[in-house]
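Inside the fold
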Amino acid sequence: MSGKIFETPAAALDGLLVDGMTIMSGGFGLSGNPESLIPEIRASGVGGLTVISNNAGADGFGLWMLLESRQIAKMISSYVGENKLFEQQYLSGDLALELTPQGTLAERIRAGGAGIPAFFTKTGVGTVVAEGKPVETFDGEAYVRETWLRADLSIIKAWRADPAGNLMFRKTARNFNPTMATAGKVTVVEVEEIVPAGTFDPDCIHTPGIYVDRVVLSTINEKRIEKLTTRARETV
């Protein structure tokens, strides 16, 4: 270990995992999932977790591993998707679910990182999303109050990091990872590449190192396609 750089995913999580904690896990679909850190959480045996994530992976991939091992007690997410295990556990009552519209989920995480306890949005007004939440009128329109989301631990995946923890992401992986990096008490990042200090143009840094506590080189970088669509090759 040197500064923020840790030798293995297990070392990067050492001393951080406890039963009943809240974890933010980055990723959008199968892009930008912390593939190397999730198996270490599973191996630790920690349980009763509340996990905040856009979705819960897919069969055999991502957070599915923690659902399969029954370590997640509650999901705060916006998309069940094609994850049959997620669906089964929720419908059977084994998994609590706080279903949140995707844009609202992103803003609740951003608010958590920015220190904004609550905000108002029109999304969800008049639906089950608004049940039990204050509703107020602004300019003649009803808005529901949503509260911030924060976590004990954020696990995210970036493309590149330098020794100070400055991060760069690629494409779809930027959807949730950068904001989650700001909303965790501790943020652990796995990256595909660690570069020397001074490599990044300051204008190209997506997440400043002030938000990052630990960095580790990914041991798993699987580029899955969630739904492969093909067409027959044209013949001349």
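The paragraphs below set out a description of the structure included in this document. (Residues numbered from 1 in each chain as written. Predicted model: local features only at pLDDT ≥ 70, side-chain atom pairs only at ≥ 80, totals over all residues. Heavy atoms only, no water.)

A separate point is the overall build of the chain. When you go through the chain residue by residue, the secondary structure sums to six helices and 12 strands. Taking 2.2 N^0.38 as the reference for a compact globule, 236 residues should give roughly 18 Å; the C-alpha atoms of the chain span a radius of gyration of 19 Å, in line with that estimate. Within the chain, the proportion of its 236 residues that are buried is 44%. Counted over contacts in the chain with a minimum sequence separation of 6, partners at least 24 positions apart contribute 71%. Surface summary for the chain: the accessible area is close to 11,900 Å², and the carbon and sulfur share equals 50%. In the chain, which carries 23 positive and 28 negative side-chain charges, the distance between the mean positions of the two groups comes to 3 Å. (Helix = DSSP H or I, 4+ residues; strand = E, 2+ residues; numbered from the N terminus. Rg over C-alpha atoms; globule rule 2.2 N^0.38 Å. Buried < 20%, exposed > 50% of the residue type's maximum accessible area, 1.4 Å probe, protein only. Contact = heavy atoms within 4.5 Å. Areas by Shrake-Rupley, 256 points an atom, 1.4 Å probe, with all protein chains shown as cover. Lys, Arg positive; Asp, Glu negative; His and termini not counted. Charge placed at Lys NZ, Arg CZ, Asp CG, Glu CD.)

Let us now look at the pairing of strand E8 (residues 141–147). Relative to E8, strand E6 (residues 118–121) is paired through four bridges, and the arrangement is antiparallel. Bridge pairing in E8 links Phe-120 to Arg-145. Pairing between strand E7 (residues 135–138) and E8: four bridges, direction antiparallel. Note that in E8 the partner of Phe-138 across the bridge is Glu-141. (Pairing = 2+ DSSP bridges.)

Inspection of the entire model under this criterion finds three aromatic pairs. Between Phe-138 and Tyr-143, the ring centres sit 5.6 Å apart and the planes meet at 80°, which makes this aromatic pair edge-to-face. Judged by its relative accessible area of 22%, Tyr-143 falls in the partly exposed class. Counting every residue linked through ring pairs, the aromatic cluster contains Phe-120, Phe-138 and Tyr-143. A cation sits over an aromatic face here: Arg-150 above Trp-148, 3.6 Å from the ring centre. Between Arg-170 and the ring centre of Trp-159, over which it is positioned, the NZ or CZ distance is 5.6 Å. (Phe/Tyr/Trp six-rings, centres within 6.5 Å; stacked < 30°, edge-to-face > 60°. Lys NZ or Arg CZ within 6 Å of the ring centre and 35° of its normal.)

Across all of its chains, the model carries 13 salt bridges by this definition. Between Lys-157 and Glu-35 there is a salt bridge, with its nearest N and O atoms 2.5 Å apart. Of this pair, Lys-157 sits in strand E9 (residues 151–161) while Glu-35 sits in the loop between strand E2 (22–25) and helix H2 (38–44), and the two are 122 residues apart along the sequence. When its relative accessible area of 9% is taken as the criterion, Glu-35 is described as buried. The shortest N-O distance in the salt bridge between Glu-107 and Arg-110 comes to 2.8 Å. Pair noted here: Glu-107 and Arg-110 are both in helix H5 (residues 102–114), with a separation of three residues, about one helical turn. Arg-110 sits in the partly exposed class, given a relative accessible area of 36%. (Salt bridge = Lys/Arg side-chain N within 4 Å of Asp/Glu carboxyl O.)

So, on to the nonpolar core. Formed by 26 residues in total, the largest nonpolar core has its most connected members in Ile-41, Met-75, Leu-153 and Ile-155. Of all the secondary structure elements, the ones that give two or more residues to this core are helix H1 (9–13), H2, strand E3 (49–52), helix H3 (64–68), strand E4 (72–77), helix H4 (84–91) and E9. Examining the composition of this core, we find that three residues originate from one element, H3, more than from any other. Non-local contacts of Ile-155, meaning those with residues more than four positions away in its chain, are made with Leu-13, Ile-23, Met-24, Ser-25, Gly-26, Pro-34, Leu-37, Ile-38, Ile-41 and Val-188. Judged by nonpolar contacts, the second largest core, of 21 residues, contains Leu-149, Ala-151, Met-180 and Ala-183. (Core = buried A, V, L, I, M, F, W, Y, C linked by side-chain atoms within 4.5 Å.)

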